[in-house]
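Architecture and fold: a report
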Amino acid sequence: MVIIVGSGAGGGIIALELAKDNIPVTIIEKGSYIHSKDAFNHYDKYSEDVDLLTTTCIGGSTIVSMSNMVKALDGELYEYGINLKEEYEYVEKLINVHPLDDSHIGKGTQLFLDAGRELGLNTLKMPKAITEEKCIQCGKCAFGCPMDAKWSGKDFVDEAVKEGATLITEAEVTEIIADDDKVKGVKYRKNNVEEEIYSDKVILSAGAIGTSLILRSAGIEAGNEMFFDPFVSVGGYLKDINFNSEVQMAGLIVGRNFVLSPHFSSFLKGNMDDREVGDKDILSIMVKTADESKGFVDGEGDVVKINSINDIRYLAEGVATAGFVLEKCGVDPSTICSTVYRGAHPGGTAPIGKVVDSNQETKIKGLFVSDASVLPISPGKPPILTILALSKRLADYIKN
Ligand SMILES: Cc1cc2nc3c(=O)[nH]c(=O)nc-3n(C[C@H](O)[C@H](O)[C@H](O)COP(=O)(O)OP(=O)(O)OC[C@H]3O[C@@H](n4cnc5c(N)ncnc54)[C@H](O)[C@@H]3O)c2cc1C
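The structure presented is a predicted model; accordingly, all values stated were derived computationally and were not measured.

Quick word on the domain arrangement of the chain
One can read the domain layout of the chain as domain 1 (2-96 + 144-224 + 346-399) and domain 2 (99-126 + 230-343). Here the C-alpha centre of domain 2 lies 28 Å away from the C-alpha centre of domain 1. Each side of the interface is counted separately: domain 1 has 21 residues, and domain 2 has 20 residues. Classifying every residue of the side of domain 1 that touches domain 2 gives 10 nonpolar, nine polar and two charged.

Considering the sheet that holds strand E2 (residues 25-28)
What the five strands build is an open sheet, ordered E6-E2-E1-E10-E19; its pairing is parallel. The open sheet has two edge strands with one neighbour each: strand E6 (166-168) and strand E19 (367-369). Across the sheet, the mean angle separating the axes of adjacent strands is 20° when strand polarity is ignored. With four bridges joining them, strand E1 (residues 2-5) and E2 adopt parallel strand pairing. Residue pairing in the sheet places Val5 in a bridge with Ile28 of E2.

With respect to the site of the ligand
The local shell around the ligand holds 39 residues, among which Gly6, Gly8, Gly60, Gly210 and Pro382 are the closest. Listed by contribution, the elements that provide at least two residues to the shell around the ligand are helix H1 (9-20), strand E7 (171-179), helix H6 (207-217) and helix H8 (384-399). Of all the elements, H6 adds the most residues to the shell around the ligand, at four residues. Residues belonging to the shell around the ligand are distributed by class as follows: 17 nonpolar, 18 polar and four charged.

Basis of the calculations
- Residues numbered from 1 in each chain as written.
- Predicted model: local features only at pLDDT ≥ 70, side-chain atom pairs only at ≥ 80, totals over all residues.
- Domains from an automatic or database assignment.
- Contact = placed C-beta atoms within 7 Å.
- Nonpolar A, V, L, I, M, F, W, Y, C, P; charged D, E, K, R; others polar.
- Pairing = 2+ DSSP bridges.
- Helix = DSSP H or I, 4+ residues; strand = E, 2+ residues; numbered from the N terminus.
- Axes fitted to C-alpha atoms, helices over the stretch in contact; angles between N-to-C directions.
- Near = placed C-beta within 6 Å.

Structure, rendered in structure tokens:
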């Protein structure tokens, strides 16, 4: 039997791949089993010093994701002998990654795409795992999809359970049980009762923060560095654009040090208080960059993030470019403003080459990590596809 801790981007696919091959699997998930439409109730809380978005529930943060699916860190992973070409092909087919059909590209997104091209920027439709036939274009991707139109890790968990996997929810793994540097199982708490479950193979997919805490309980140094792919949303007034009800982040501009994607933020309204602005009158763009792994997870699972000069420089370059794009789209330049600095892709807390080897195994035999923790540096772009590909590769390694 294989124990998988966490049911998000890393955990779901491993559970499915193993269960399909009749390998007994037990998934232990801290959060509850919910419908995706209720996901917005399950965002985590961190200290006021950091604006970090993650969720604790079935599917982890994939359930509130925009289902943006891009390849990342090819060169960096290759340095560790990892070539994900075949795994990417497999996963992209499995979840049907494709640019959205024009029927699902809204007016605001089209303005973004046209402006990017006119400005000579590297502009494309965002590859996504969304089923257009089910998507009602409500703009609520980050709340959890009311129609189950976008892929999430929950889909894989449901399929794994159909294939015979056991799922234990509302159960927090607190400790690794190990002997002679070999893993024996895990301790978890459910309904305030401590339980133990045994296996010589344990895969931690509890996300960058959860995995760090569990590894530390086994005496492994983790969570002492961390990136989170910082972002801001920059936008302004464009009367009746109705961008708030479009599929979010359906376009992409790739810069050297940043990516831009059309993304609605109602926080911007507060910065345009000298005129009547409704959600329907805002066109905004997410500016996302790769940050240095300067930050850490504290003993309570809270996060401290330190910004370097380069982090700020890259963000400033992206924000300036977003301003040009917005102006080209017809946004009133005098209204352009930004949200605060936030992060939604915590990772790099147990990086390959430092905490795990290139088979994602820790120094404790049989104890593996497969989630955003293992990414060696910040991708500065959506990491789910890379986590899925790495996890598919680990599932194959465990099978053999
Ligand atoms: C609003 C939002 C939008 C996003 N959009 C995109 C996007 O479009 N594309 C993209 O690539 N990325 C996106 N991301 C980022 C992406 O969701 C994460 O990078 C990814 O889910 C991380 O995968 P993971 O396996 O590391 O963690 P998660 O997917 O978060 O999974 C970790 C799981 O472990 C569970 N867990 C934690 N601790 C324990 C414990 N002690 N015991 C048991 N279980 C535990 C958690 O409840 C969770 O289910 C988005 C994130 C947010 C917040």
